[in-house]
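Chains, contacts and geometry: an overview
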There are 2 protein chains.
Amino acid sequence: MRTLHHPAKKSLTLSRVLYAFSDPVRLSIVKSIAAHGEQPCGTFGLSVAKSTASHHFRVLREAGVIQMRPEGTQYINSLRRDDLDSRFPGLLDAVLRATGPI
Amino acid sequence: MRTLHHPAKKSLTLSRVLYAFSDPVRLSIVKSIAAHGEQPCGTFGLSVAKSTASHHFRVLREAGVIQMRPEGTQYINSLRRDDLDSRFPGLLDAVLRATGPI
DNA sequence: CCTATTGTTCTATAACATTAGAACAATGCG
DNA sequence: CGCATTGTTCTAATGTTATAGAACAATAGG
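For the structure given in this document, a descriptive report is provided here.

Glancing now at the overall build of chain A. In terms of regular secondary structure, chain A is built from five helices and three strands. Along chain A, from the amino end to the carboxyl end, the secondary structure elements read α-α-β-α-β-β-α-α. In summary, chain A has a C-alpha radius of gyration of 13 Å against a globular reference of 13 Å for 102 residues, a match within 12%. For chain A, the spread of C-alpha atoms along the three principal axes comes to 35 × 30 × 20 Å. Expressed as a percentage of the 102 residues in chain A, the buried residues total 44%. In chain A, 67% of the contacts between residues at least 6 apart in sequence involve partners at least 24 apart.

Once that is clear, we can look at the relation of the copies chain B and chain A. Taken as rigid bodies, chain B and chain A are interconverted by a rotation of 180 degrees and an axial shift of 0.0 Å, the fit giving an RMSD of 0.0 Å. Each copy turns onto its partner about a two-fold axis. A share of 100% of the interface residues of chain B reappears at the interface of chain A, consistent with the copies meeting face to face through the same patch.

Residue and element names in this part refer to chain A. Here helix 2 (residues 24-36) crosses helix 3 (residues 50-63) at 70 degrees, and the two axes come no closer than 10 Å. Put simply, helix 2 runs roughly perpendicular to helix 3. When you trace helix 2 past helix 3, the crossing you get is right-handed. Facing Val25, Arg26, Ile29 and Val30 of helix 2, the residues of helix 3 in contact are His55, His56, Phe57, Val59 and Leu60.

Glancing now at the interface of chain B and chain A. Taken residue by residue, the interface counts 24 residues in chain B and 24 residues in chain A. In total, about 1900 Å² of surface goes out of reach between chain B and chain A, with carbon and sulfur atoms giving 65% of it. Among the residues chain B hides against chain A, the three largest losses belong to Leu14, Ser15 and Leu18 of chain B. Together they make up 25% of the total. The interface formed by chain B and chain A contains zero salt bridges. Remark: the boundary between chain B and chain A carries four residue pairs in polar contact (both at pLDDT 80 or more).

Turning next to the sheet that holds strand 3 (residues 74-79) of chain B. All names here are of chain B. With antiparallel pairing, the three strands of this open sheet are ordered in space as 1-3-2. Pairing within the sheet leaves two strands with one partner each, and these edge strands are strand 1 (39-40) and strand 2 (66-71). Helix-sheet contacts for helix 2 (residues 24-36) involve strand 1, strand 2 and strand 3, and the interaxial angle to strand 3 is about 80 degrees. Of the strands in this sheet, strand 2 and strand 3 are in contact with helix 3 (residues 50-63), which crosses strand 2 at around 115 degrees.

Formed by 56 residues in total, the largest nonpolar core has its most connected members in Phe21, Val65 and Leu91 of chain A together with Phe21, Val65 and Leu91 of chain B. Each residue touching valine 65 of chain A, except ones within four places of it in the same chain, is listed here: Val17, Ala20, Phe21, Val30, Leu60, Ser78, Leu79, Arg80 and Leu84 of chain A.

About the cut-offs
- Residues numbered from 1 in each chain as written.
- Chains lettered and ligands numbered in written order.
- Predicted model: local features only at pLDDT ≥ 70, side-chain atom pairs only at ≥ 80, totals over all residues.
- Heavy atoms only, no water.
- Helix = DSSP H or I, 4+ residues; strand = E, 2+ residues; numbered from the N terminus.
- Rg over C-alpha atoms; globule rule 2.2 N^0.38 Å.
- Buried < 20%, exposed > 50% of the residue type's maximum accessible area, 1.4 Å probe, protein only.
- Contact = heavy atoms within 4.5 Å.
- Least-squares fit on C-alpha atoms with pLDDT ≥ 70 in both.
- Axes fitted to C-alpha atoms, helices over the stretch in contact; angles between N-to-C directions.
- Parallel < 35°, antiparallel > 145°, perpendicular 65-115°, else oblique.
- Left-handed = near helix turned anticlockwise from the far one by under 90°.
- Buried area = accessible area lost by both parts, 1.4 Å probe.
- Salt bridge = Lys/Arg side-chain N within 4 Å of Asp/Glu carboxyl O.
- Polar contact = N/O pair within 3.5 Å; in protein donor to acceptor, adjacent residues only side chain to side chain.
- Pairing = 2+ DSSP bridges.
- Core = buried A, V, L, I, M, F, W, Y, C linked by side-chain atoms within 4.5 Å.

Have a look at this one:
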């Protein structure tokens, strides 16, 4: 299986998206993509095991926050910005704008 | 003990606030206060046991989302709107504005 | 074909969350 | 005071999540 499942825009739920955002590791993934653009899983410098990172990417993907596009041996991660903005206007921006303690 | 602990504005964290928002029961509490103003715990029509409701109010309070003010035998719940807006501009509004599936 | 790279999936474990019943505390009212 | 009201806290059960090691799968490159 090379293609992972992504939920349709209309089936995104607020709870699930907020939950996906609510973990510091996942939040750092989201902020990194927002700041540096799309990137493969290995380039985030996460201080967790590979399998743990994979779990977090999965939570983000299944919540509809990120898109994972296979490219060679890796997956390129990007934000589903348009879908998020359309379903939850202002939410992603507010999360990205937040400063201070994580 | 009649006075419950509320975290200082500057010690609010994004993860904790997002986590507090990420539960459907808690989200309904927040939306109800936003829509109808401050109200005691008993008036939310939550379909969970009293002790469970108390747990959710506590999570919201300890995340800094709500303020619980004792008044007679009850606690009046209000949103810490100014604190939230100041620490996480646009976040509460985005959450309240969201429509569709919970 | 062999090997390295990249990331997933499987399995297990420890920590944490949700739920609710029962007991308790504080207040107000007769 | 006695009692109802309101909500908390304690305890326990159940379920979920984060974590990581090991095995696996897909691809690229030699």
